[in-house]
Amino acid sequence: MNRLLFLIVFLSICSCDYFDKKKVYTEDILEEELQTFNWKDVDEYPSFESCETTTGKENKKVCFENTLRSILNTNLGKYQIIVSEEISDTVKLKITIDNQGQFFIDEIISSDLIKAEIPQLDSLLRQSLDSLPKIYPAIKRSQQVKTKFVLPVIIKID
């Protein structure tokens, strides 16, 4: 009988932890989940309609950048740019695409030589990218998100 009483008392003491519930707050879960995100990477890069059939994350990124460069080259080719010396340099376009697919050039970084030889280059680049086809914004966890990136553009004039 003593053993049975001891067993009942022992089980009731040990099982108290079993019934003890810990309250979990949604804010804590959200905060923990946000800490695990890689905010510098997206699930899907921005894209043009012509890139929608492309499969693979990297392939879509390459398609988007190549389409952007192609549009830029076509539009810049319409202008006659005269320089006093040969130019072979890279211009960096800091670009933002918001969660609605709107395209913005934040900054154009170019060398002093390009600025001296082609002072109107900034405005030509902006005009060349004014009328882009529809852009589908980047996707992160099934949500459309704003992205920023740098697009290098090679300027080569003989």
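Before reading on, note that the structure itself is shown above.
Keep in mind the model is a prediction, meaning the values are calculated, not measured.

Caption draft 1: Seen up close, the overall build of the protein. Tallying secondary structure elements over the protein gives six helices and seven strands in all. Residues counted as buried form 31% of the 158 residues belonging to the protein. Counted over contacts in the protein with a minimum sequence separation of 6, partners at least 24 positions apart contribute 69%. When the accessible surface of the protein is totalled, it reaches about 11,500 Å², and 53% of it is carbon and sulfur.

Caption draft 2: Structural detail: the packing of aromatic side chains. Considering all chains together, one arrives at two aromatic pairs under this definition. With a centroid separation of 4.8 Å and 20° between ring planes, the pair formed by F48 and F64 is classed as stacked. In this pair, F48 is assigned in strand β1 (residues 47-48) and F64 in helix α4 (residues 57-76), connecting sequence segments 16 residues apart. With centroids separated by 5.9 Å and ring planes inclined at 70°, the aromatic side chains of F64 and F149 adopt a geometry described as edge-to-face. Here the residue F64 occupies a position in helix α4, and F149 occupies one in strand β7 (residues 147-157), the gap between them amounting to 85 residues. Both residues of the pair, F64 and F149, belong to the buried class. One aromatic cluster in this structure is built from F48, F64 and F149.

Caption draft 3: Up close: the pattern of salt bridges. Tallied over the full model, the rule gives three salt bridges. For E44, the salt bridge is made with K60, and the minimal N-O distance between the two is 3.7 Å. Of this pair, E44 sits in the loop between α3 (26-36) and β1 while K60 is found in helix α4, placing the two residues 16 residues apart along the sequence. E44 gets classed as partly exposed once you look at its relative accessible area, which sits at 32%. With its nearest N and O atoms 3.8 Å apart, the salt bridge here joins E107 to K94.

Caption draft 4: Expanded view of the pairing of strand β3 (residues 103-109). Direction of pairing for strand β2 (residues 87-97) relative to β3: antiparallel, over a ladder of six bridges. The partner of L93 across the bridge, within β3, is I108.

Caption draft 5: Representation of the state of the cysteines within the structure. Tallied over the full model, the rule gives one disulfide. There is a disulfide in this structure between C51 and C63, and the S-S distance comes to 2.1 Å. Disulfide C51-C63: the torsion about the S-S bond is -85°, which places it as left-handed. Residue C51 is located in the loop between β1 and α4, and its partner C63 is located in helix α4; the two are separated by 12 residues in the primary sequence.

Caption draft 6: Highlighting α4. In this model, α4 (20 residues) spans 29 Å end to end at C-alpha, consistent with the 28 Å of a helix rising 1.5 Å per residue. Check the buried side of α4 and you find it contacts β1, β2, β3, α6 (121-128), β4 (135-136) and β7.

Caption draft 7: Quick look at the pairing of β7. With burial as the criterion, only one face of β7 is covered, namely that bearing T147, F149, L151, V153, I155 and I157; the residues K148, V150, P152, I154 and K156 on the opposite face remain uncovered. Looking at chain direction, β2 and β7 are connected through 11 bridges and run antiparallel. Across the sheet, the residue bridging to I97 is T147, located in β7.

Caption draft 8: Molecular detail of α6. The set of residues buried in α6 consists of L121, L124, L125 and S128. End-on, the buried residues of α6 take up no more than an arc of 100°, which puts them together on one face.

Caption draft 9: Region of interest: the packing of α4 against α6. Where α4 contacts α6, the axes come no closer than 9 Å and their chain directions differ by 120°. Of the possible angle classes, the one that applies to α4 and α6 is oblique. You can see that α4 and α6 cross each other, and the crossing is right-handed. Two secondary-structure elements touch here, α4 through I71, L72, N75 and L76 and α6 through L124, L125 and S128. Across the contact of α4 with α6, the residue classes tally to five nonpolar, two polar and no charged.

Cut-offs applied
- Residues numbered from 1 in each chain as written.
- Predicted model: local features only at pLDDT ≥ 70, side-chain atom pairs only at ≥ 80, totals over all residues.
- Heavy atoms only, no water.
- Helix = DSSP H or I, 4+ residues; strand = E, 2+ residues; numbered from the N terminus.
- Buried < 20%, exposed > 50% of the residue type's maximum accessible area, 1.4 Å probe, protein only.
- Contact = heavy atoms within 4.5 Å.
- Areas by Shrake-Rupley, 256 points an atom, 1.4 Å probe, with all protein chains shown as cover.
- Phe/Tyr/Trp six-rings, centres within 6.5 Å; stacked < 30°, edge-to-face > 60°.
- Salt bridge = Lys/Arg side-chain N within 4 Å of Asp/Glu carboxyl O.
- Pairing = 2+ DSSP bridges.
- Disulfide = S-S within 2.5 Å.
- Expected span 1.5 Å × (residues − 1).
- Arc of directions from axis to C-beta.
- Axes fitted to C-alpha atoms, helices over the stretch in contact; angles between N-to-C directions.
- Parallel < 35°, antiparallel > 145°, perpendicular 65-115°, else oblique.
- Left-handed = near helix turned anticlockwise from the far one by under 90°.
- Nonpolar A, V, L, I, M, F, W, Y, C, P; charged D, E, K, R; others polar.

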